[in-house]
Amino acid sequence: MLTPPASDAGYRMYPHKVIQDIEFIKRAQDLGFTLEEIKDLLAASNGDKEFHSEEMLQFATGKIEEIDKKIRDFNEMKFLLEGLVEKCPGSGVPKSQCPILKKLSKGVN
C-alpha cells in the first residue's frame, strides 16, 4: 500500500475503505478471531473470496466451540488455583512448606 498523502497539519489521510477495514479487523479481534481467520473474513467481506452463509455459520459455530473450550479450561485453572490458595496460610510458612509451590513442583493435576 502506498503511503497516503498528509494534510497541511501533517495527518495522514487514509481512504474511507481502509478505515472500514481496520474497524472490521478490530471488531473481529474483539470476537476472538485470529489474524489468519480475520484475513479470510475480510476477504469474504470485501468479495475477494466466495463465502456462502452455511460456511459462515460453520465458521462462527466453530469459533463458539473454541471459546467454550477456553472457558472450560479457564474455569478449571481457576478452580485449581482457588484450591491452592485455600491451602495457603499466607505468611509464616517457609518456602519449602508453601502448598502452592509444593503442588506446582509435583504437578497441578
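Residues numbered from 1 in each chain as written. Predicted model: local features only at pLDDT ≥ 70, side-chain atom pairs only at ≥ 80, totals over all residues. Heavy atoms only, no water.

Peer 1: Talk me through the overall build of the chain; I want residue IDs and the actual numbers.
Peer 2: The secondary structure content of the chain amounts to 4 helices and 0 strands. Its C-alpha atoms give the chain a radius of gyration of 24 Å, more than 25% over the compact-globule value 13 Å for 109 residues. When its C-alpha atoms are laid out on the principal axes, the chain stretches across 65 × 45 × 20 Å. Contacts spanning at least 24 positions in sequence make up 22% of the contacts within the chain whose residues lie at least 6 apart. Taken as a whole, the chain presents about 9,000 Å² of accessible surface, with 59% of it coming from carbon and sulfur. One finds the centroid of the 16 positive side-chain charges in the chain at a distance of 13 Å from the centroid of its 18 negative side-chain charges. (Helix = DSSP H or I, 4+ residues; strand = E, 2+ residues; numbered from the N terminus. Rg over C-alpha atoms; globule rule 2.2 N^0.38 Å. Contact = heavy atoms within 4.5 Å. Areas by Shrake-Rupley, 256 points an atom, 1.4 Å probe, with all protein chains shown as cover. Lys, Arg positive; Asp, Glu negative; His and termini not counted. Charge placed at Lys NZ, Arg CZ, Asp CG, Glu CD.)

Peer 1: Go over the pattern of salt bridges with me, naming the residues and quoting the values.
Peer 2: Pairs can form between side chains of opposite charge whenever their charged atoms are close. One pass over the structure, following the stated rule, counts 8 salt bridges. We note a salt bridge from Lys63 to Glu37, for which the minimum N-O separation is 2.9 Å. You can see Lys63 sitting in helix H3 (residues 53-87) and its partner Glu37 sitting in helix H2 (residues 35-45), a full 26 residues away along the chain. Of the residues examined, Lys63 reaches a relative accessible area of 4% and is grouped as buried. The class of Glu37 is buried, set by a relative accessible area of 17%. Close ionic contact of Lys70 with Glu66 constitutes a salt bridge, the shortest N to O distance being 3.8 Å. Taken together, the residues span about one helical turn, with Lys70 and Glu66 both in helix H3 at a distance of 4 residues. Look at Lys70 and you get partly exposed, because its relative accessible area is 42%. Residue classification places Glu66 among the partly exposed residues on the basis of a relative accessible area of 31%. One continuous salt-bridge network, built from bridges that share partners, spans Glu37, Lys63, Glu66 and Lys70. (Salt bridge = Lys/Arg side-chain N within 4 Å of Asp/Glu carboxyl O. Buried < 20%, exposed > 50% of the residue type's maximum accessible area, 1.4 Å probe, protein only.)

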